[in-house]
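Residues per chain, in single letters:
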Amino acid sequence: MVNDAFSEIGHIKVGMLHVFIKHTSASLTINEAADPTVRIDFESHINTMVPENMPYYQHDYEGSDDMPAHIKASLFGASVQVPITNGQLNLGTWQGIYLCEHRNRASGRHLVLTAFGS
């Protein structure tokens, strides 16, 4: 999907793609993308690790998922890097880039994709 949206990758023989998300309540990670149950398990586990409605959360201006979303985003991170080889992302057989949404009702996300190489 990234190759379709960013066709310039096809012109890079050896390089790197950097993907950055411009939000503090969503994140990026690389993991297995072949089996959809991986995404379900990720969400179940992270929601158990970082639950909503904890009595010590003070930052809840946008709802009970506000602070948990920021914590989850920090745990996963705001960017990923992937090697480019012969015009293709050089991911493992089962790997894919996940955009992890941590809000219950998000309103769109913006990514910055930067590819460099020769």
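Treat the numbers as computed from the prediction; the structure is a model and nothing was measured. (Residues numbered from 1 in each chain as written. Predicted model: local features only at pLDDT ≥ 70, side-chain atom pairs only at ≥ 80, totals over all residues. Heavy atoms only, no water.)

Here's the deal with the overall build of the chain
Each helix and strand in the chain was counted, giving three helices and six strands. From first element to last, N terminus to C terminus, the chain shows the α and β order α-β-β-α-α-β-β-β-β. Overall, the C-alpha framework of the chain stretches about 50 × 25 × 20 Å when taken along its three principal axes. A buried classification covers 29% of the 118 residues belonging to the chain. Within the chain, residue pairs in contact and separated by at least 24 positions form 79% of the contacts whose partners lie at least 6 positions apart. Treating the 7 positive side-chain charges of the chain as one cloud and the 12 negative ones as another, the clouds have centres 5 Å apart. (Helix = DSSP H or I, 4+ residues; strand = E, 2+ residues; numbered from the N terminus. Buried < 20%, exposed > 50% of the residue type's maximum accessible area, 1.4 Å probe, protein only. Contact = heavy atoms within 4.5 Å. Lys, Arg positive; Asp, Glu negative; His and termini not counted. Charge placed at Lys NZ, Arg CZ, Asp CG, Glu CD.)

Focus on the environment of Asn86
Along the chain, Asn86 falls in the loop between β3 (79–85) and β4 (88–89). Considered as a pair, Asn86 and His11 are 75 residues apart in the sequence and their alpha carbons are 7.9 Å apart. In this structure, Asn86 is in contact with Ile12 and Lys13, ignoring residues within four places of it in sequence.

Remarks on the sheet that holds strand β6 (residues 111–117)
In space, the four strands of this open sheet follow the order β4-β3-β1-β6, with antiparallel pairing throughout. A single partner strand is all that each edge strand has here, and the edge strands are β4 and β6. Note: strand β1 (residues 14–21) against β6, seven bridges, orientation antiparallel. What sits directly across from Gly15, in β6, is Gly117. (Pairing = 2+ DSSP bridges.)

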